Protein chains: 2
Amino acid sequence: MSTVQRSDRESISEMTTERLSVYLRCLESLDETTISSRELADRFHLNAAQIRKDLAHFGEFGIRGVGYNVGRLKEHLIRTLGIDRSRHALIVGAGNLGMALADYKGFNSEGFRVVALIDTDPKKIGQASKGDITIEAPAQLGEIVRRLHVEIGIIAVGPAEAQAVCDTLVEAGICAILNFAPVQMRLRDGVKIKSVDLRINLESLSFFLKNAEDALCDTG
Amino acid sequence: MSTVQRSDRESISEMTTERLSVYLRCLESLDETTISSRELADRFHLNAAQIRKDLAHFGEFGIRGVGYNVGRLKEHLIRTLGIDRSRHALIVGAGNLGMALADYKGFNSEGFRVVALIDTDPKKIGQASKGDITIEAPAQLGEIVRRLHVEIGIIAVGPAEAQAVCDTLVEAGICAILNFAPVQMRLRDGVKIKSVDLRINLESLSFFLKNAEDALCDTG
DNA sequence: GCATGTGAATGGATTCACAGCT
DNA sequence: AGCTGTGAATCCATTCACATGC
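This text gives an overview of the structure that appears in the document.

Rules used throughout
Counting of residues starts from 1 at the beginning of each chain's written sequence and follows it residue by residue. Chains and ligands are labelled by the order in which they are written, letters from A for the one and numbers from 1 for the other. It should be noted that, the model being predicted, local features are given only for residues of pLDDT at least 70 and side-chain atom pairs only at 80 or more, the latter also being counted only at that level, while totals for whole chains, interfaces and linings use all residues. In computing side-chain values, all of the structure's heavy atoms are included and hydrogens and water are not. The way it works is that DSSP assigns letters per residue, a run of H or I at least four long becomes a helix, a run of E at least two long becomes a strand, and they are numbered from the N terminus. Per-residue accessibility, obtained with a 1.4 Å probe over protein chains only, is compared with the maximum for each type, and a residue is labelled buried under 20%, exposed over 50%, and partly exposed between these values. Contacts between residues were defined by any pair of non-hydrogen atoms, one from each residue, lying within 4.5 Å. Just to be clear on terms, a salt bridge is a Lys or Arg side-chain nitrogen sitting within 4 Å of an Asp or Glu carboxyl oxygen. We define proximity as follows: a residue is near a molecule or strand when any one of its heavy atoms falls within 4 Å of that partner. In protein, a polar contact requires one atom able to donate a hydrogen and another able to accept it; more generally it is a pair of N or O atoms within 3.5 Å, and residues adjacent in sequence count only if both atoms are side-chain atoms. Throughout, the ten residues Ala, Val, Leu, Ile, Met, Phe, Trp, Tyr, Cys and Pro are labelled nonpolar, Asp, Glu, Lys and Arg are labelled charged, and all others, Gly among them, are labelled polar. Here a Phe, Tyr or Trp ring, Trp counted by its six-membered ring, pairs with any other such ring whose centre lies within 6.5 Å, and the pair is stacked when the planes are under 30 degrees apart, edge-to-face when over 60, and tilted otherwise. Least squares is the method for superposing the copies, and the C-alpha atoms it fits come from residues with pLDDT of at least 70 in both.

## Focus on the side chain of Ser-21 of chain A
For step 1, the next point in the chain: Looking at the element boundaries, Ser-21 of chain A is found in helix α1 (residues 14-28).
For step 2, the next point in the chain: Overall, the relative accessible area of 1% leaves Ser-21 of chain A in the buried class.
For step 3, the next point in the chain: Those residues in contact with Ser-21 of chain A that sit more than four places away from it in its chain are Leu-81 of chain A together with Arg-199, Ile-200 and Glu-203 of chain B.

## A short note on the pattern of salt bridges
All names here are of chain B.
For step 1, the next point in the chain: Tallied over the entire structure, the rule returns 36 salt bridges over all chains.
For step 2, the next point in the chain: The shortest N-O distance in the salt bridge between Glu-151 and Arg-85 comes to 3.0 Å. Placement of Glu-151 in strand β7 (residues 150-155) and of Arg-85 in the loop between α4 (70-80) and β4 (87-92) is noted, with a sequence separation of 66 residues between them.
For step 3, the next point in the chain: For Arg-85, a relative accessible area of 38% corresponds to the partly exposed category.

## Comments concerning the protein's contact with DNA strand C
For step 1, the next point in the chain: Taken together, 25 residues lie near DNA strand C, and Arg-19 of chain A together with Ser-37, Arg-52, Gly-62 and Tyr-68 of chain B sit nearest.
For step 2, the next point in the chain: For DNA strand C, the backbone makes up 66% of the atoms found within 4 Å of the protein, where backbone means sugar plus phosphate.
For step 3, the next point in the chain: Here a base oxygen of DNA strand C sits 3.0 Å away from a polar atom, N or O, in the side chain of Lys-53 of chain A.
For step 4, the next point in the chain: For the surface near DNA strand C, the elements supplying multiple residues, two or more each, are α1 and α3 (48-56) of chain A together with α3 (48-56), β2 (62-63) and β3 (67-69) of chain B.

## A look at the protein's contact with DNA strand D
For step 1, the next point in the chain: The environment of DNA strand D is formed by 25 residues, the closest being Ser-37, Arg-52 and Tyr-68 of chain A together with Arg-19 and Arg-64 of chain B.
For step 2, the next point in the chain: Backbone atoms, meaning sugar and phosphate, make up 62% of the atoms of DNA strand D lying within 4 Å of the protein.
For step 3, the next point in the chain: Arg-19 of chain B places a polar side-chain atom, nitrogen or oxygen, 2.8 Å from a phosphate oxygen of DNA strand D.
For step 4, the next point in the chain: Gln-50 of chain B has a polar side-chain atom sitting 2.9 Å from a sugar or linking oxygen of DNA strand D.
For step 5, the next point in the chain: Only α3, β2 (62-63) and β3 (67-69) of chain A together with α3 of chain B provide two or more residues apiece to the surface near DNA strand D.
For step 6, the next point in the chain: The leading source of residues in the surface near DNA strand D is α3 of chain B, at 4 residues.
For step 7, the next point in the chain: Residues belonging to the surface near DNA strand D are distributed by class as follows: 7 nonpolar, 9 polar and 9 charged.

## A word on the packing of aromatic side chains
For step 1, the next point in the chain: Under the criterion given, the structure shown has 2 aromatic pairs over all chains.
For step 2, the next point in the chain: Measuring from centroid to centroid gives 6.4 Å for Phe-58 of chain A and Phe-207 of chain B, while their planes differ by 90°, and the two rings are edge-to-face. Linking Phe-58 of chain A in the loop between α3 and β2 with Phe-207 of chain B in helix α8 (residues 198-219), this pair reaches from one chain into another.
For step 3, the next point in the chain: Exposure remark for Phe-58 of chain A: the relative accessible area of 3% places this residue in the buried category.

## Considerations on the relation of the copies chain A and chain B
Between the two copies of the chain lies a rotation about an axis combined with a shift along it.
For step 1, the next point in the chain: Placing chain A over chain B gives an RMSD of 0.0 Å and needs a rotation angle of 180°, together with 0.0 Å of translation along the axis. The transformation relating the two chain copies, once decomposed into turn and shift, fits a two-fold axis. Considering only C-alpha atoms, the part of chain A nearest the rotation axis is Ala-100 of chain A, at 3.1 Å.
For step 2, the next point in the chain: Of the residues that chain A buries at the interface, 100% are likewise interface residues in chain B, meaning the two copies contact each other through the same surface.

Have a look at this one:
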């Protein structure tokens, strides 16, 4: 076989994985049939050597002296990332954020689909999002996961409930979780949690602003 | 002076900065007046040596043989992160995501406040979010930034418009940007961009799921 | 005695630079 | 000639381990 998964799967780092996703996106916006690592890097503010190294983890996909075949590489990345088939997600927490995510286009394309919304609030249960996903009670969670083949759990509840929701999701057999609650999650092996922490991001920006101010004061 | 900013400000890495934010959050949920790096690490799944090293960048804040004074350390982190005063943010894009963010509690506490919403859609202009922030036209952007002292720009538009919005924000004098659009932003120096990329996060989870499946097949 | 602060050691990730192929 | 794939070199981050101070 030519496209062997050569290195141990475990050895691919998170950083590399995330860049594969970036590369795929970049390739999708290209018209040409072939591109070199250098040109890809130049156009999208990436690093050519890193592109080559990242891709080389999974086999030899380029042609020396020429570059990469765009279509073939896209196909390959799609398979590698496991998005060659649709994956179902469920959102817990039908507040502002949960509802927005349920209807967010990025979530409902490219092989991902939000198939259910869960909330504890009895007033919300039975209502539906704009995209017509009905809000269900937490008691339904396990059954929904099984019936609709949910693979990804999205936590969009407040910090107080987040850990409990996480535990419930894992209990129900979910082992890939996207967490929006600003908490330090307890991690379990066999379960992957990616956290999107707006507070950390904002505070990081604030730190940058503060240092810019201070630098200005010092020199001024 | 005792609490000198000892190392060059530029030398603090992004990773360290983000952890400062985590430490602050952890400290906020504590009752005791004193805590050791070890105990902080144990409780919140962190690393004790790393906590000490991160904190040591900014001076000597602990007491040997005792640990850190929680209140004092919180104060210090708040000042270091520059959130000892309120910072104003403006959101561009009043779609599902933008509106949800405008009303998101995490954005409107702890020293951050969304003070304006911008959208190109004439039908939306003049309307207000639940939290009562009026949607304004893009033409107003520069004036709003100046009048309301906006320091942070939040990009919640689609991928096609994101780079243009980013350029406009920088033009208006914003140098801290939180980007939600799934694009590779062109970066300029003096401007800090943090991107929250849901697609990358989802694809990363998918990659994990796919490998878990494959591993199962191999051994099964 | 106990926990900080910190050099030294380790471990990863990025970048360089070139051999090898088209 | 040109570009990939990759060992070697470099850079950065984390962890160890202990001297220092309470």
